[in-house]
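Residues per chain are reported as follows:
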Amino acid sequence: KSTMNNDQVIEVNVGGKCYTTTRSTLTKIQDSMLSSMFSGKYESTKDNQGRYFIDRSGRLFEYILEYLRNGEKWTPPKDKHILSLLNTEFEYYGLPAVDSDQIPLQSLELIPFIPKYYQSPPSISDDKKTISGGSGQ
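Attention here is on the structure that accompanies the text. Values in this document were obtained by computation on a predicted structure and should not be read as measured data.

This part takes up unusual backbone geometry. Even without being a glycine, Asp 31 presents a positive backbone phi close to 65 degrees. Relative to the helices and strands, Asp 31 resides in the loop between helix H1 (23-26) and helix H2 (33-37). On the basis of relative accessibility, which here comes to 76%, the residue Asp 31 falls in the exposed class.

Listed below in C-alpha coordinates is the structure:
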(Lines give C-alpha, C1' and ligand atoms only; values in the text may rest on other atoms or scores of the structure.)
Protein backbone atom coordinates (compact mmCIF):
# COMPACT_ATOMS: atom_id res chain seq x y z
CA LYS A 1 0.00 0.00 0.00
CA SER A 2 1.05 3.60 -0.41
CA THR A 3 2.38 5.85 2.34
CA MET A 4 -0.31 6.46 4.95
CA ASN A 5 -1.41 10.00 5.84
CA ASN A 6 -1.18 10.32 9.65
CA ASP A 7 -3.49 13.34 9.61
CA GLN A 8 -6.18 11.33 7.83
CA VAL A 9 -9.52 11.44 9.62
CA ILE A 10 -10.71 7.94 10.48
CA GLU A 11 -14.18 6.79 11.45
CA VAL A 12 -14.25 3.81 13.77
CA ASN A 13 -17.29 1.76 14.78
CA VAL A 14 -16.53 0.06 18.08
CA GLY A 15 -19.31 -2.24 19.23
CA GLY A 16 -21.91 -0.05 17.49
CA LYS A 17 -20.62 3.27 18.86
CA CYS A 18 -18.93 5.48 16.27
CA TYR A 19 -15.88 7.66 16.85
CA THR A 20 -13.99 10.08 14.64
CA THR A 21 -10.27 10.58 15.18
CA THR A 22 -7.01 10.68 13.21
CA ARG A 23 -4.73 7.90 12.07
CA SER A 24 -1.90 9.48 14.12
CA THR A 25 -3.96 9.17 17.32
CA LEU A 26 -4.76 5.52 16.66
CA THR A 27 -1.14 4.66 15.82
CA LYS A 28 0.45 6.65 18.65
CA ILE A 29 1.51 3.59 20.69
CA GLN A 30 3.90 1.51 18.60
CA ASP A 31 3.40 -2.26 18.64
CA SER A 32 -0.20 -1.88 19.86
CA MET A 33 -3.08 -3.63 18.14
CA LEU A 34 -4.46 -0.26 17.03
CA SER A 35 -1.12 0.80 15.59
CA SER A 36 -0.97 -2.44 13.58
CA MET A 37 -4.60 -2.21 12.52
CA PHE A 38 -4.29 1.36 11.22
CA SER A 39 -0.76 1.13 9.81
CA GLY A 40 -2.16 0.17 6.43
CA LYS A 41 -0.24 -3.13 6.42
CA TYR A 42 -3.30 -5.29 7.07
CA GLU A 43 -6.83 -5.50 5.78
CA SER A 44 -9.34 -4.35 8.39
CA THR A 45 -13.00 -5.21 8.81
CA LYS A 46 -15.35 -2.39 7.85
CA ASP A 47 -19.04 -1.92 8.56
CA ASN A 48 -21.66 -1.28 5.88
CA GLN A 49 -20.95 2.47 6.09
CA GLY A 50 -17.22 2.01 5.36
CA ARG A 51 -16.11 2.67 8.94
CA TYR A 52 -13.43 0.49 10.51
CA PHE A 53 -15.15 -2.03 12.77
CA ILE A 54 -13.83 -3.32 16.12
CA ASP A 55 -15.98 -5.81 18.00
CA ARG A 56 -15.29 -4.49 21.50
CA SER A 57 -17.05 -2.25 24.04
CA GLY A 58 -17.88 1.07 22.41
CA ARG A 59 -18.51 2.65 25.80
CA LEU A 60 -14.99 1.82 27.02
CA PHE A 61 -13.29 2.81 23.76
CA GLU A 62 -13.96 6.43 24.70
CA TYR A 63 -11.39 6.01 27.51
CA ILE A 64 -8.92 4.40 25.09
CA LEU A 65 -9.17 7.39 22.75
CA GLU A 66 -8.76 9.86 25.60
CA TYR A 67 -5.66 7.96 26.73
CA LEU A 68 -4.20 8.08 23.23
CA ARG A 69 -5.06 11.76 22.79
CA ASN A 70 -3.78 12.98 26.17
CA GLY A 71 -0.85 10.68 26.95
CA GLU A 72 0.71 11.37 30.35
CA LYS A 73 -1.92 13.96 31.19
CA TRP A 74 -4.69 11.36 30.98
CA THR A 75 -6.31 10.53 34.29
CA PRO A 76 -7.87 7.06 34.69
CA PRO A 77 -11.40 6.87 36.08
CA LYS A 78 -11.66 6.45 39.85
CA ASP A 79 -14.42 3.82 39.61
CA LYS A 80 -12.72 0.47 40.37
CA HIS A 81 -15.22 -1.53 38.28
CA ILE A 82 -14.65 0.59 35.18
CA LEU A 83 -10.90 0.47 35.86
CA SER A 84 -11.05 -3.33 35.91
CA LEU A 85 -12.98 -3.42 32.63
CA LEU A 86 -10.55 -0.91 31.14
CA ASN A 87 -7.57 -3.06 32.03
CA THR A 88 -9.11 -5.85 29.95
CA GLU A 89 -9.56 -3.44 27.05
CA PHE A 90 -6.04 -2.00 27.42
CA GLU A 91 -4.67 -5.55 27.35
CA TYR A 92 -6.69 -6.37 24.22
CA TYR A 93 -5.41 -3.25 22.44
CA GLY A 94 -1.82 -3.90 23.58
CA LEU A 95 -1.65 -0.77 25.75
CA PRO A 96 0.02 -0.44 29.18
CA ALA A 97 -2.17 -1.42 32.15
CA VAL A 98 -4.15 1.27 33.94
CA ASP A 99 -3.42 1.81 37.62
CA SER A 100 -5.39 4.38 39.59
CA ASP A 101 -2.48 4.62 42.03
CA GLN A 102 -0.25 5.92 39.26
CA ILE A 103 -2.34 8.97 38.49
CA PRO A 104 0.11 11.80 37.85
CA LEU A 105 0.44 14.25 40.69
CA GLN A 106 -0.50 17.20 38.50
CA SER A 107 -0.95 19.30 41.61
CA LEU A 108 2.83 19.22 42.10
CA GLU A 109 3.18 21.35 38.98
CA LEU A 110 1.63 24.12 41.05
CA ILE A 111 4.65 24.12 43.40
CA PRO A 112 7.25 26.07 41.41
CA PHE A 113 10.12 25.53 43.82
CA ILE A 114 11.01 24.23 47.25
CA PRO A 115 12.36 27.04 49.45
CA LYS A 116 16.10 26.80 50.17
CA TYR A 117 15.58 26.86 53.90
CA TYR A 118 14.19 23.32 53.93
CA GLN A 119 16.79 20.80 55.05
CA SER A 120 14.65 18.04 53.57
CA PRO A 121 11.92 18.35 50.95
CA PRO A 122 8.25 18.04 51.80
CA SER A 123 6.79 14.54 51.66
CA ILE A 124 3.59 13.44 50.00
CA SER A 125 1.26 11.11 51.88
CA ASP A 126 0.56 7.63 50.50
CA ASP A 127 -2.96 8.63 49.57
CA LYS A 128 -1.45 11.58 47.63
CA LYS A 129 -3.83 14.02 49.28
CA THR A 130 -1.55 15.83 51.73
CA ILE A 131 1.88 17.34 51.66
CA SER A 132 3.76 17.67 54.93
CA GLY A 133 6.58 20.14 54.99
CA GLY A 134 10.32 19.54 55.29
CA SER A 135 12.40 20.16 58.36
CA GLY A 136 13.27 23.48 59.82
CA GLN A 137 14.43 26.92 58.82
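The structure having been displayed, the exposition proceeds.
What follows covers the sheet that holds strand E3 (residues 52-54). If you walk across this open sheet you meet the three strands as E2-E1-E3, and the pairing is mixed. Two strands close off the open sheet at either side, each with one partner strand: strand E2 (17-22) and E3. Going from strand to strand, the sheet's axes swing by 30 degrees on average, the running direction of each strand aside. Relative to E2, strand E1 (residues 9-14) runs antiparallel, the two being bridged by six bridges. Bridging from a neighbouring strand, Val 9 pairs with Thr 22 of E2.

For the structure shown, the criterion picks out seven aromatic pairs. Here the basic side chain of Arg 56 rests over the ring of Tyr 92, its NZ or CZ set 3.9 Å away from the ring centre.

Take Arg 23: it is sitting in helix H1. For the buried Arg 23, which has no salt bridge, the nearest side chain bearing the opposite charge is Asp 7, at an N-O separation of 9.5 Å. Only 2.5 Å separates the side chain of Arg 23 from the backbone oxygen of Phe 38, close enough to count as a polar contact.

Cut-offs used in this document
- Residues numbered from 1 in each chain as written.
- Predicted model: local features only at pLDDT ≥ 70, side-chain atom pairs only at ≥ 80, totals over all residues.
- Heavy atoms only, no water.
- Helix = DSSP H or I, 4+ residues; strand = E, 2+ residues; numbered from the N terminus.
- Buried < 20%, exposed > 50% of the residue type's maximum accessible area, 1.4 Å probe, protein only.
- Pairing = 2+ DSSP bridges.
- Axes fitted to C-alpha atoms, helices over the stretch in contact; angles between N-to-C directions.
- Phe/Tyr/Trp six-rings, centres within 6.5 Å; stacked < 30°, edge-to-face > 60°.
- Lys NZ or Arg CZ within 6 Å of the ring centre and 35° of its normal.
- Lys, Arg positive; Asp, Glu negative; His and termini not counted.
- Salt bridge = Lys/Arg side-chain N within 4 Å of Asp/Glu carboxyl O.
- Polar contact = N/O pair within 3.5 Å; in protein donor to acceptor, adjacent residues only side chain to side chain.

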